[in-house]
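Structural features, examined
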Amino acid sequence: MILVTGATGTIGRALIERLRGEDVVAVLRRPADLDCAHVLGDLERPETIAAALSPGDRLFLNSSLWPGFVQAHQRMIDLAREAGAGQIVTVSVRGATPGALLGGGAHGEVDAHLRKSGVPWSILEPVGFMQNLPAEVRGGRMYGSYGSAPVGYIDARDIADVAAALLTRPVGESGVHVLTGPEAHSHDEIAAAIGAALGRPVEYTDLPVPEMAAHLARQGLPEPVSHDLAALMAEIGDGRWSTVTTAVQDITGHPPRSLAAFLADHAPAFER
Ligand SMILES: NC(=O)c1ccc[n+]([C@@H]2O[C@H](COP(=O)([O-])OP(=O)(O)OC[C@H]3O[C@@H](n4cnc5c(N)ncnc54)[C@H](OP(=O)(O)O)[C@@H]3O)[C@@H](O)[C@H]2O)c1
C-alpha cells in the first residue's frame, strides 16, 4: 500500500491521479473531493497516520510548512520506521540545509533526520513551482529580487510523476533528486513569456530586498516571513537555481514540462 500525505495539495492531487490503479490510500485532515480510498489523519498528530501503516508500506510524506513542521515530520518518520515502512519519499527544496532561510532550513532538519532513519528514502529537491506564477502576476506586473539570474522553475505535475515512479518501482537506493524544469529563464524572460501566452504585456520589476519585503508585507505576509522571502529571492539571484538537471527525464522517462507548455495549460489561472 502507498500512503499519500498532502493528498489535497498541488503535488498530492496530481500524484493521486498518477497512482490510480495502485493500492493507494490518501491521508486527509477532513473529507475531500478525492475519488480515492482515504484515512483521516493529521501530521500534528502523526500517530493518526502511522496507525494506517503496515510493514512494507510506502509513504509519500509532504505537507505545507507550519511552525511545528520539523517536529511533526521527524516524529512521522520515527513512527513510520516503527511500523516497518518500506520506503519514504518526501518533498524538500533544492539546497535545503539546517539554518537556511524559510522552508530550506526546516526541510534541511527533516531531511537530516530521514537520512539516518534506517528507512529507505528518496528526497525530492524541487526548485520553485511554475504553479506559483499566476499568483505573482498582478495588473501586468510581477515583482522579485532575483536580479537577472535564471531560474529553472518546475511544473509540480513533474514532481508528482517522479514520486509516482519512485513509489511504484522496486525500492531502490536512497538518494536526493534535484528536480527542475527543462530550461532556466530570467524573470524578465518569464514575464515576457507569460505576456505572450496571455496576449497582453507583463513586466518584471526587480526590487532591492527591503522594498521587496515591504511589497510582500503590503500583500499581507507577516514579518519576518516577508523579509526572509525577499532575502531568499536575492539568494537565488546568485544563480544557485540556474542550472537544470536531467532527474525528471531519468526517473520518469519523459522530459519535464516546459514553461510554454505550463502557460498553455494554465492561462485561465492568470485571469483569476
Ligand atoms: N511552492 C514552491 O515553489 C515549492 C518549492 C520547493 C519546495 N516546496 C515544498 O513543497 C511542499 C508543499 O507541496 P504542495 O505545494 O504540493 O502543497 P500544498 O499545495 O501547499 O498543500 C499542502 C498539503 O499539506 C496538507 N497539510 C498541511 N498541514 C497538514 C497537517 N498538519 N497534516 C496533514 N496534512 C497537512 C494540506 O492538507 P489540507 O488540505 O488539509 O490543508 C495539503 O494537502 C512544501 O514542503 C514546500 O516547502 C514548494
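Keep in mind that this is a model prediction, so the values were computed, not measured. (Residues numbered from 1 in each chain as written. Predicted model: local features only at pLDDT ≥ 70, side-chain atom pairs only at ≥ 80, totals over all residues. Heavy atoms only, no water.)

Of the regular secondary structure elements, the protein chain holds 11 helices and 9 strands. The C-alpha atoms of the protein chain give 19 Å as radius of gyration, which agrees with the globular expectation for 272 residues (19 Å, within 12%). With the principal axes as the frame, the protein chain shows a C-alpha extent of 55 × 35 × 35 Å. Taking all 272 residues of the protein chain together, 49% fall into the buried category. Within the protein chain, contacts between residues at least 6 apart in sequence are counted, and of these 71% link residues at least 24 apart. (Helix = DSSP H or I, 4+ residues; strand = E, 2+ residues; numbered from the N terminus. Rg over C-alpha atoms; globule rule 2.2 N^0.38 Å. Buried < 20%, exposed > 50% of the residue type's maximum accessible area, 1.4 Å probe, protein only. Contact = heavy atoms within 4.5 Å.)

This part takes up the domain arrangement of the protein chain. Segmentation of the protein chain into domains returns domain 1 (1–126) and domain 2 (128–153 + 180–241 + 254–272). The C-alpha centroid of domain 2 is placed 27 Å from the C-alpha centroid of domain 1. Taken residue by residue, the interface counts 8 residues in domain 1 and 13 residues in domain 2. Summed over both sides, the interface of domain 1 with domain 2 buries roughly 870 Å², with 73% coming from carbon and sulfur. Three residues stand out in domain 1 for area buried against domain 2, namely Arg-94, Leu-101 and Leu-102, and they jointly supply 65% of the buried area on that side. (Domains from an automatic or database assignment. Buried area = accessible area lost by both parts, 1.4 Å probe.)

As a further point, take the packing of helix H8 (residues 209–218) against helix H9 (residues 225–240). Helix-helix packing is characterised by the crossing angle of the two axes and by the distance between the axes. Where H8 contacts H9, the axes come no closer than 8 Å and their chain directions differ by 135°. On the basis of the axis angle, H8 is oblique to H9. For the pair H8 and H9, the crossing hand works out as right-handed. Residue-level inspection shows Val-209, Met-212, Ala-213, Leu-216 and Ala-217 of H8 in contact with H9, the latter providing Ser-226, His-227, Leu-229, Ala-230, Ala-231, Met-233 and Ala-234. Among the residues making up the contact of H8 with H9, the classes are represented as 10 nonpolar, 2 polar and no charged. (Axes fitted to C-alpha atoms, helices over the stretch in contact; angles between N-to-C directions. Parallel < 35°, antiparallel > 145°, perpendicular 65-115°, else oblique. Left-handed = near helix turned anticlockwise from the far one by under 90°. Nonpolar A, V, L, I, M, F, W, Y, C, P; charged D, E, K, R; others polar.)

On to the environment of Leu-124, then. By the secondary structure assignment, Leu-124 is in strand E6 (residues 121–126). Excluding anything up to four places from it in sequence, Leu-124 contacts Val-89, Thr-90, Val-91, Ser-92, Val-93, Ile-159, Val-162, Ala-163, Leu-166, His-177 and Leu-179.

So, about the pattern of salt bridges. Side-chain pairing between opposite charges can occur once the charged atoms of the two side chains come close. Counting across every chain of the model gives 12 salt bridges. Between Arg-13 and Asp-33 there is a salt bridge, with its nearest N and O atoms 2.9 Å apart. You can see Arg-13 sitting in helix H1 (residues 10–18) and its partner Asp-33 sitting in the loop between strand E2 (24–28) and strand E3 (38–40), a full 20 residues away along the chain. Exposure remark for Arg-13: the relative accessible area of 32% places this residue in the partly exposed category. For Arg-81, the salt bridge identified is with Asp-78, shortest N-O distance 3.6 Å. One end of the pair is Arg-81 and the other is Asp-78, both in helix H3 (residues 69–83) and 3 residues apart, which spans about a single turn. Asp-78 gets classed as buried once you look at its relative accessible area, which sits at 17%. Salt bridges here are not isolated pairs; linked through shared partners, they connect Arg-18, Asp-158, Asp-161 and Arg-257. (Salt bridge = Lys/Arg side-chain N within 4 Å of Asp/Glu carboxyl O.)

Each regular strand carries side chains that alternate between the two faces of the sheet. Of all 6 residues in E6, 6 are buried; the element is thus mostly enclosed. Alternating residues of E6 divide into Trp-121, Ile-123 and Glu-125 and Ser-122, Leu-124 and Pro-126, and every residue in both groups is buried. Looking at chain direction, strand E5 (residues 87–91) and E6 are connected through 4 bridges and run parallel. For Thr-90, the partnering residue across the bridge sits in E6 and is Ile-123. Crossover E5 to E6 through helix H4 (residues 103–115) is right-handed. (Pairing = 2+ DSSP bridges. Right-handed = clockwise from strand over helix to strand, strands pointing away.)

This part is about the packing of aromatic side chains. Given two aromatic rings, their pairing is described by the distance between the two centres and the angle made by the two planes. A complete count under the given rule lists 1 aromatic pair for this structure. Aromatic side chains Trp-66 and Phe-69 sit 6.0 Å apart centroid to centroid with 85° between the ring planes, which places their arrangement in the edge-to-face category. What makes Phe-69 buried here is its relative accessible area of 2%. (Phe/Tyr/Trp six-rings, centres within 6.5 Å; stacked < 30°, edge-to-face > 60°.)

Tallied over the full model, the rule gives 1 cavity of 30 Å³ or more. Looking at the largest cavity, the residues that line it are Met-130, Val-151, Gly-152, Tyr-153, Glu-183, His-185, Ile-190 and Leu-259. Among the residues making up the lining of the largest cavity, the classes are represented as 5 nonpolar, 2 polar and 1 charged. (1 Å grid on protein atoms, 1.4 Å probe; cavity = no way out; pocket = protein on both sides within 12 Å on 5 of 7 lines; lining within 4 Å. Points joined across faces, edges and corners; volume = space filled by probe spheres on them.)

The UniProt record annotates "domain: NAD(P)-binding" (unreviewed entry) at residues 6–170. Across residues 6–170 one finds 35% helix and 16% strand; the C-alpha atoms that close the span lie 23 Å apart. (UniProt positions renumbered as here; feature names shortened; annotations may be inferred.)

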